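Geometric and topological summary
Listed below are the residues making up each chain.
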Amino acid sequence: MAQRARPLSPFLHYRWQYTNTLSILHRVTGVLLSLGFALLVYWLAAAAAGADSYATARDALASPLAQLVLFGTAFSFCYHLLNGVRHLFFDLGHGFELQTARKSGWAVAIGAVVLGLIVWLVVRAGLGGGA
Amino acid sequence: MSLKSPLRSVTYLGSAKGGSGHWYAQRVTAVALVLLGLWFVVSLAALGGASHENVVAWLSSPVAAAFAVLLVLTAAWHALLGLQVVIEDYVGDKGTRMAVLLVVKFALAVAAVIGVIAVLRIAFGVAA
């Protein structure tokens, strides 16, 4: 007697599509933003502790590694924000048509890179410039 | 008569707990964070260099301080809800899951309170 195939969990047999990546990226950027939140609190605490602490924090944030982290945070912020709005529309029942979902997905991905760069440059200029 | 499904009274079986409240809070904080996040980035851009003077002057305004406090609290709450889902999805062992959740909750609570105190300290003019 032929063995009947057992049903598989969806993630074991769904074909990969780039929309999968968009979805998992929402989680990844969310987790990264939680680390970015720690960075925000560090910055606020340094400012509250006085000018000397703030200068130390500013130097620390100017290091190449910190700049990379800040860029990651800026990109995550923009991606999570744009894709979050996309998901809010999904929650309201809009944008589920394949064409629309793919277009909005591309818009989110491209928008996140462009806006992420802009936000990073703004933060960078802010922390670097001025007395 | 309660409108809640009787499933809700069943424990340890599927979605019998407080899922809808969690789901809704995640969306409410998301909408708030769209506004607060944009406010924060625009404020940073308008700061004209994030020198200590500028940051202190900015957060000395009651409106800016209020938004900053809201940003910290809402971000911590939204992060907690999101991280909880991720942890519950990927940490299989019940004991480990509970331990990780506790650590994340405590860490976020500490960070949020530090953030709020920092903003208030600047707002009340205590920061030198």
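For the structure, see preceding data.
Treat the numbers as computed from the prediction; the structure is a model and nothing was measured.

**Focus: the interface of chain B and chain A**
In many reports, interface size means the accessible area that the parts give up when they come together. Counting residues at the interface gives 39 residues for chain B, matched by 30 residues for chain A. Summing the contributions of chain B and of chain A, the shared interface buries around 2,600 Å²; its carbon and sulfur component is 77%. Ranking the residues of chain B by area buried against chain A places V41, A50 and H52 of chain B at the top, with a combined share of 18%. Connecting chain B to chain A are 2 salt bridges. The partner of R27 of chain A in a salt bridge is D89 of chain B, with the nearest N and O atoms 2.7 Å apart. Linking chain B to chain A there are 6 residue pairs in polar contact (both at pLDDT 80 or more). If you list the elements that add at least two residues to the side of chain B that touches chain A, you get α1 (19-46), α2 (52-59), α3 (62-90) and α4 (94-123) of chain B. When residues of the side of chain B that touches chain A are assigned to their parent elements, the largest contribution, 11 residues, is made by α3 of chain B. Considering only residue class, the side of chain B that touches chain A consists of 30 nonpolar, 6 polar and 3 charged.

**Things to note about the nonpolar core**
Residues F37, W43, L44 and L127 of chain A together with F40, V55 and W58 of chain B are the most contacted members of the largest nonpolar core, which totals 48 residues. Those elements that provide at least two residues to this core are α2 (18-49), α3 (51-62), α4 (64-91) and α5 (98-128) of chain A together with α1, α2, α3 and α4 of chain B.

**Examining the packing of α2 of chain A against α3 of chain A**
At their nearest, the axes of α2 of chain A and α3 of chain A sit 7 Å apart, and the two run at 150 degrees to each other. In this structure, α2 of chain A uses L39, Y42, W43, A46, A47 and A49 of chain A to contact α3 of chain A, whose residues at the interface are S53, Y54, A57, A60 and L61 of chain A.

**Section: a nonpolar patch on the surface**
Residues and elements named next belong to chain A. Together, W16, Y18, W106, I110, V114, L115 and I118 make up an exposed nonpolar region whose accessible area comes to about 730 Å². Here the nonpolar patch takes 5 residues from α5, the largest share from any one element. Mapped onto the elements, L115 comes out in helix α5.

Conventions we followed
Residues numbered from 1 in each chain as written. Chains lettered and ligands numbered in written order. Predicted model: local features only at pLDDT ≥ 70, side-chain atom pairs only at ≥ 80, totals over all residues. Heavy atoms only, no water. Contact = heavy atoms within 4.5 Å. Buried area = accessible area lost by both parts, 1.4 Å probe. Salt bridge = Lys/Arg side-chain N within 4 Å of Asp/Glu carboxyl O. Polar contact = N/O pair within 3.5 Å; in protein donor to acceptor, adjacent residues only side chain to side chain. Helix = DSSP H or I, 4+ residues; strand = E, 2+ residues; numbered from the N terminus. Nonpolar A, V, L, I, M, F, W, Y, C, P; charged D, E, K, R; others polar. Core = buried A, V, L, I, M, F, W, Y, C linked by side-chain atoms within 4.5 Å. Buried < 20%, exposed > 50% of the residue type's maximum accessible area, 1.4 Å probe, protein only. Axes fitted to C-alpha atoms, helices over the stretch in contact; angles between N-to-C directions. Patch = residues over 30% accessible without salt bridge, like charges linked within 9 Å, V, L, I, M, F, W, Y side chains within 5 Å. Areas by Shrake-Rupley, 256 points an atom, 1.4 Å probe, with all protein chains shown as cover.

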